[in-house]
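Descriptive structure summary
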Amino acid sequence: KARIAVFASGSGSNFEALENACREGELDAEIVLVMTDKPASFVVERARLTDIRVVALEPKAFPSKQAYEEALLGILREEDVEWIALAGYMRLIGPTLLAAYPSRIVNIHPSLLPSFTGKDAIGQAIAHGVKVTGVTVHLVDAGMDTGPILAQVAVPVVEGDAEKTAQAIQRIEHVIYKETLQKLILTNGGVHS
Ligand code: GAR
C-alpha cells in the first residue's frame, strides 16, 4: 500500500474523505501521517478520531522555511512517506520538500485552474460572476496552485447561493481526490528516490 501524508490547515473534510476511501479499499493507500501548520484547526480533531499520527508544526517556531521543511522531512522519512496530499494546506511548498518528493506532491483546489488561485477561490469565482467553476487536482510545483493538472470537474455556480455552491464543490472534491490519487498511485508505484 502506498504511504501517504496529508497536509491540512483547515476543517479536514478532504482528509476525512481520503481516510474513508483508504479504509473502504477504494484507495490502495494508507494515510500514515496528518501534518498541520495550524494546531487549532479542526483537522486535528478529525484525525485524533483515527489512530493516524498527527503532527502540528508551526512555521514560526523555525528560523526559516528551509528549517521548517527539513523538520517535516525528518518526520516524513520516519514514516516512510511516499506521497504528500495537500488537503486545504494553505502554504507554498518550498524547494526542500519539492526536491525530496519530485512529482509526488498533489493538491486539490476549489476552482478550474488556472482561474482563481490562492485563498477563497469559491468566493473569488462568485465575485467574478462566473457561471461555472469547479475543482482541480494537480501536481505541486513551486507556484501557488500551479503545476500539471491531473483532473478537473466543472461545477455550476448556484445563483445567489454561495453556501450551496460551496457544498456542491466540496462533494465533488471528496470524490475526485480519492479517484485521482488512486490512478496516480497505480501508475507510479514504488517508493520515492
Ligand atoms: C478545500 O476546498 C480545498 O480545495 C481548499 O481548501 C479547502 C479545505 O477544505 N484548498 C485550497 O484552497 C488550496 N489553495 P477541508 O479542510 O474541509 O478539506
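Everything quoted here is computed from the prediction, not taken from an experiment.

1. What about the pattern of salt bridges?
Enumeration according to the criterion identifies eleven salt bridges in this entry. Across the salt bridge formed by Lys178 and Glu26, the nearest N and O atoms sit 3.2 Å from each other. On the criterion of sequence distance, the pair formed by Lys178 in helix H6 (residues 162–187) and Glu26 in the loop between helix H1 (13–23) and strand E2 (29–36) is long-range, its members being 152 residues apart. Accessibility expressed as a relative area gives 16% for Lys178, which makes it buried. For Glu26, a relative accessible area of 39% translates into the label partly exposed. Notably, a salt bridge pairs Lys60 with Glu58, separated by 3.6 Å at the nearest N-O pair.

2. Brief notes about the UniProt feature "site: Raises pKa of active site His" (unreviewed entry) in the protein chain
Within this structure's numbering, the places UniProt gives as "site: Raises pKa of active site His" (unreviewed entry) are Asp145. Note on placement: Asp145 falls in the loop between strand E6 (132–139) and strand E7 (149–156). Filtering out sequence-adjacent residues up to four positions away, Asp145 remains in contact with Asn107, His109, Leu113, Thr117, Gly118 and His138. Within the structure, Asp145 has its side chain in polar contact with the side chain of Asn107 (distance 3.0 Å).

3. Here we look at the nonpolar core
The biggest cluster of nonpolar side chains holds 34 residues, and the ones touching the most others in it are Val6, Phe15, Leu18, Leu27, Ile31 and Tyr177. By residue number, the principal contributor to this core is H6, which donates seven residues. With residues near it in sequence (within four places) discarded, Tyr177 still touches Asn14, Leu18, Ala85, Leu86, Ala87, Val106, Asn107, Ile108 and Val137. Counting residues in each nonpolar core, the second largest holds 23 residues, with Val32, Leu33, Leu76 and Ala100 among its members.

4. Describing the site of the ligand
Lining the immediate environment of the ligand, one finds 14 residues, of which Ser11, Gly12, Ser13, Asn14 and Glu173 sit closest. Ser11 has a polar side-chain atom sitting 2.8 Å from an oxygen atom of the ligand. Between the ligand and Asp145, the relevant distance is 3.1 Å, taken from a nitrogen atom to a side-chain nitrogen or oxygen of the residue. Protein burial of the ligand: of its 450 Å² of free accessible surface, 89% is covered by the chains. Breaking the shell around the ligand down by element, the ones donating at least two residues are H1, strand E5 (105–109) and H6. For the shell around the ligand, a count of residues per class yields three nonpolar, nine polar and two charged.

5. With respect to the pairing of E6
Counting buried residues in E6 gives seven out of eight residues, a clear majority hidden from the surface. Pairing of E5 with E6, which is carried by four bridges, proceeds in the antiparallel orientation. When the bridges of E6 are listed, Asn107 appears paired with His138. Taken together, the seven bridges between E6 and E7 define a ladder with antiparallel strand orientation. By the bridge assignment, Thr133 is partnered in E7 with Val155.

6. A closer look at the sheet that holds strand E4 (residues 83–86)
If you walk across this open sheet you meet the seven strands as E3-E2-E1-E4-E5-E6-E7, and the pairing is mixed. Here the strands that pair on one side only, and so sit at the sheet edges, are strand E3 (53–56) and E7. The mean angle between the axes of side-by-side strands here comes to 20°, regardless of whether they run parallel or antiparallel. Two elements, E4 and E5, share three bridges in a ladder whose sense is parallel. Among the inter-strand pairings, Ile84 is bridged to a residue of E5, identified as Ile105. Here H1 sits on the sheet and contacts strand E1 (2–8), E2, E4 and E5; the angle it forms with E2, its principal contact strand, is near 160°.

Parameters at a glance
Position numbers for residues start from 1 in each chain and track the written sequence from start to end. For this predicted model, a pLDDT threshold of at least 70 governs which residues receive local features, and a threshold of 80 or more governs which side-chain atom pairs are given and counted, while totals over whole chains, interfaces and linings are taken from all residues. Just so you know, side-chain values use all the structure's heavy atoms and leave hydrogens and water out. For salt bridges, the criterion is a side-chain nitrogen of Lys or Arg within 4 Å of an Asp or Glu carboxyl oxygen. What counts as a helix is a DSSP run of H or I of at least four residues, what counts as a strand is a run of E of at least two, and both are numbered from the N terminus. Under the scheme applied here, a residue whose accessible area is under 20% of the maximum for its type counts as buried, over 50% as exposed, and between as partly exposed, the area being computed with a 1.4 Å probe on protein chains only. UniProt positions are given in the numbering used here, feature names are shortened, and annotations may be inferred rather than shown by experiment. It only takes one pair of heavy atoms within 4.5 Å for two residues to be counted as in contact. Residues adjacent in sequence count toward polar contacts only when both atoms are side-chain atoms; beyond that, a polar contact is any pair of N or O atoms within 3.5 Å, and within protein one must be able to donate a hydrogen and the other to accept it. We define a nonpolar core as any set of buried Ala, Val, Leu, Ile, Met, Phe, Trp, Tyr and Cys residues linked to one another through side-chain atoms lying within 4.5 Å. A molecule or strand has a residue near it when one of that residue's heavy atoms lies within 4 Å. Reported accessibility uses the Shrake-Rupley method at a 1.4 Å probe radius. Residues are deemed covered only where the shown protein chains occlude them. Just so you know the grouping, Ala, Val, Leu, Ile, Met, Phe, Trp, Tyr, Cys and Pro go in nonpolar, Asp, Glu, Lys and Arg go in charged, and all remaining residues, Gly too, go in polar. Strands are treated as partners if at least two bridges between them are detected by DSSP. Helix axes use the C-alpha atoms of the stretch in contact, all axes being lines fitted to C-alpha atoms, and the angles between their N-to-C directions lie in the range 0 to 180 degrees.

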